[in-house]
Amino acid sequence: MNSCEQRSVKILRQDANTITIANFRHLKQFWLATIPLNGLESAIYQTQEILPESCPACHSQLRFRFRADNPVVLTSQNVLAPKREVTLTDIVYSIEGTGLPAMQFDVISALLDSLGLSYSFVSLQDRARQMIYIELSTVNQLRLNLSPRDRIKLLQAALRQSDRMGMTQMYNLFERNCTSELFRIIDASVAKRIPATPQFFINLPTGEFVNAVMAKANID
C-alpha cells in the first residue's frame with residue numbers, strides 16, 4: 001500500500017492528560033503530535049459529498065476542536081529535520097481506502113478487498129485543501145451533542161482504533177468503510193439512549209440523494 005500520504009498512527013506515550021502519537025499528517029509531512037485531552041472543546045461529524053446526484057457517494061470523518069490556550073502540539077518526526085513546534089486547534093480523524101501508488105478508488109476495488117484502510121489523523125488545513133480546493137466538494141458539519149466526558153472518550157477511542165488497526169484491514173464498501181468504522185467507536189463511546197420503539201437500520205453509502213430515497217421508504 002502507498003503509505004507516503006496515508007498512515008495509521010502509533011501511540012507512543014499517554015497519561016491522564018495527554019496522548020502523544022506518531023504519523024500525524026500536516027502540510028504533507030508526518031509529525032509527532034501531543035494531544036491534550038482536557039483541551040478538547042468539541043467533536044464534529046463531517047460528510048464530504050464526492051460525486052454528483054446521478055451517482056451519489058460521500059466520505060465521513062470526525063473533526064476535533066481544541067481550545068486556543070490548550071492546542072495540539074506538533075514536533076518533527078524526522079530526526080534529521082530542524083527542531084520546531086507547530087500548534088493546531090483542529091484535527092481530523094479520516095479513515096480512507098489506500099491502495100497502490102497509481103491506484104484510483106472505484107466501486108469494483110471497493111467491493112473486492114483490493115484497497116487497504118488507513119486510520120489517519122491529519123490537520124484540518126490539509127483535509128480542507130484536499131476536499132474543498134482540489135476535489136471541489138461540499139462539506140457538511142454536525143456538532144455532536146456530547147458531554148465533555150464522552151468527547152474525551154470518543155477521541156481516545158479514535159486514537160486507540162487507529163493504533164490497534166494499523167494498516168492491517170481491507171476496505172469494503174458495505175462492511176468496513178469510512179462511516180462504519182467511525183460508528184463503531186461512536187457507539188462504543190457515547191452514553192446509550194434506548195429508542196422508544198425498535199428501529200431498522202440499513203448500511204448503505206450516505207449522501208443527500210440516498211437519504212431522500214430512504215426517507216421516502218420510511219427507512220432510518
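Residues numbered from 1 in each chain as written. Predicted model: local features only at pLDDT ≥ 70, side-chain atom pairs only at ≥ 80, totals over all residues. Heavy atoms only, no water.

## A word on the environment of Pro36
Moving on, step 1. With respect to the secondary-structure elements, Pro36 resides in strand β3 (residues 29-36).
Moving on, step 2. In this structure, Pro36 is in contact with Asn17, Thr18, Phe66, Asn70, Pro71 and Val72, ignoring residues within four places of it in sequence. (Helix = DSSP H or I, 4+ residues; strand = E, 2+ residues; numbered from the N terminus. Contact = heavy atoms within 4.5 Å.)

## Some details on the nonpolar core
Nonpolar side chains in soluble globular proteins tend to end up buried together.
Moving on, step 1. Within the largest apolar cluster, 40 residues are counted, with the highest numbers of intra-cluster contacts made by Ile21, Leu62, Phe64, Tyr93 and Phe121.
Moving on, step 2. With six residues, the top contributor of residues to this core is helix α3 (residues 148-165). (Core = buried A, V, L, I, M, F, W, Y, C linked by side-chain atoms within 4.5 Å. Buried < 20%, exposed > 50% of the residue type's maximum accessible area, 1.4 Å probe, protein only.)

## A closer look at the confidence of the model for the protein
Moving on, step 1. Confidence along the protein averages 82 in pLDDT terms, with 75% of residues attaining 70 or more.
Moving on, step 2. Ranking the elements of the protein by mean pLDDT puts helix α5 (residues 208-216) last, at 53, and strand β2 (residues 18-26) first, at 97. (pLDDT = per-residue confidence, 0-100.)

## Observations regarding unusual backbone geometry
What you tend to see is this: most non-glycine residues have negative phi, and most peptide bonds are trans.
Moving on, step 1. For Asn23, which is not a glycine, the phi torsion comes out positive at approximately 75°.
Moving on, step 2. Its place among the elements puts Asn23 in strand β2.
Moving on, step 3. Positive phi values are uncommon outside glycine, yet Leu27 reaches one of about 55°.
Moving on, step 4. Looking at the secondary structure, you find Leu27 in the loop between β2 and β3.

## Quick word on the pattern of salt bridges
Moving on, step 1. Evaluation of the coordinates by the stated rule reveals six salt bridges.
Moving on, step 2. One salt bridge in this structure joins Arg63 and Asp90, with 2.9 Å as the shortest N-O distance. Taken together, the residues Arg63 in strand β5 (residues 58-66) and Asp90 in strand β8 (residues 90-98) connect sequence positions 27 residues apart.
Moving on, step 3. Among the residues examined, Arg63 registers a relative accessible area of 11% and is labelled buried.
Moving on, step 4. Asp90 sits in the buried class, given a relative accessible area of 10%. (Salt bridge = Lys/Arg side-chain N within 4 Å of Asp/Glu carboxyl O.)

## Here's the deal with the packing of aromatic side chains
Each aromatic ring pair is described using two quantities: the centre-to-centre distance and the angle formed by the ring planes.
Moving on, step 1. For the structure shown, the criterion picks out two aromatic pairs.
Moving on, step 2. Taking the centre distance of 5.8 Å and the plane angle of 70° together, the rings of Tyr45 and Phe183 count as edge-to-face. Placement of the pair is Tyr45 in strand β4 (residues 40-49) and Phe183 in helix α4 (residues 178-189), with a sequence separation of 138 residues.
Moving on, step 3. Under the relative-accessibility criterion, Tyr45 is labelled buried at 12%.
Moving on, step 4. Using a relative accessible area of 37% as the deciding quantity, one classes Phe183 as partly exposed.
Moving on, step 5. Note on Tyr93 and Phe121: the rings are 4.6 Å apart at their centroids and 20° apart in plane angle, and the pair reads as stacked. Of this pair, Tyr93 sits in strand β8 while Phe121 sits in strand β9 (residues 116-123); the two residues are 28 residues apart in sequence, bridging distant segments of the chain. The exposure classification of Tyr93 matches that of Phe121, with both residues buried.
Moving on, step 6. Sitting above the plane of the Phe30 ring, Arg7 keeps its charged end 3.9 Å from the centroid. (Phe/Tyr/Trp six-rings, centres within 6.5 Å; stacked < 30°, edge-to-face > 60°. Lys NZ or Arg CZ within 6 Å of the ring centre and 35° of its normal.)

## Some words on a nonpolar patch on the surface
Moving on, step 1. The grouping of Ile132, Tyr133 and Ile134 at the surface amounts to a nonpolar patch, some 340 Å² of accessible area in total.
Moving on, step 2. Relative to the helices and strands, Ile134 resides in helix α2 (residues 124-134). (Patch = residues over 30% accessible without salt bridge, like charges linked within 9 Å, V, L, I, M, F, W, Y side chains within 5 Å. Areas by Shrake-Rupley, 256 points an atom, 1.4 Å probe, with all protein chains shown as cover.)

## Here we look at the pairing of strand β1 (residues 10-14)
Moving on, step 1. As paired strands, β1 and β2 are joined by four bridges and run antiparallel to one another. Following the sheet pairing, Ile11 is matched in β2 by Ile21.
Moving on, step 2. Counting the residues between successive antiparallel strands, the hairpin from β1 to β2 contains three residues. (Pairing = 2+ DSSP bridges.)

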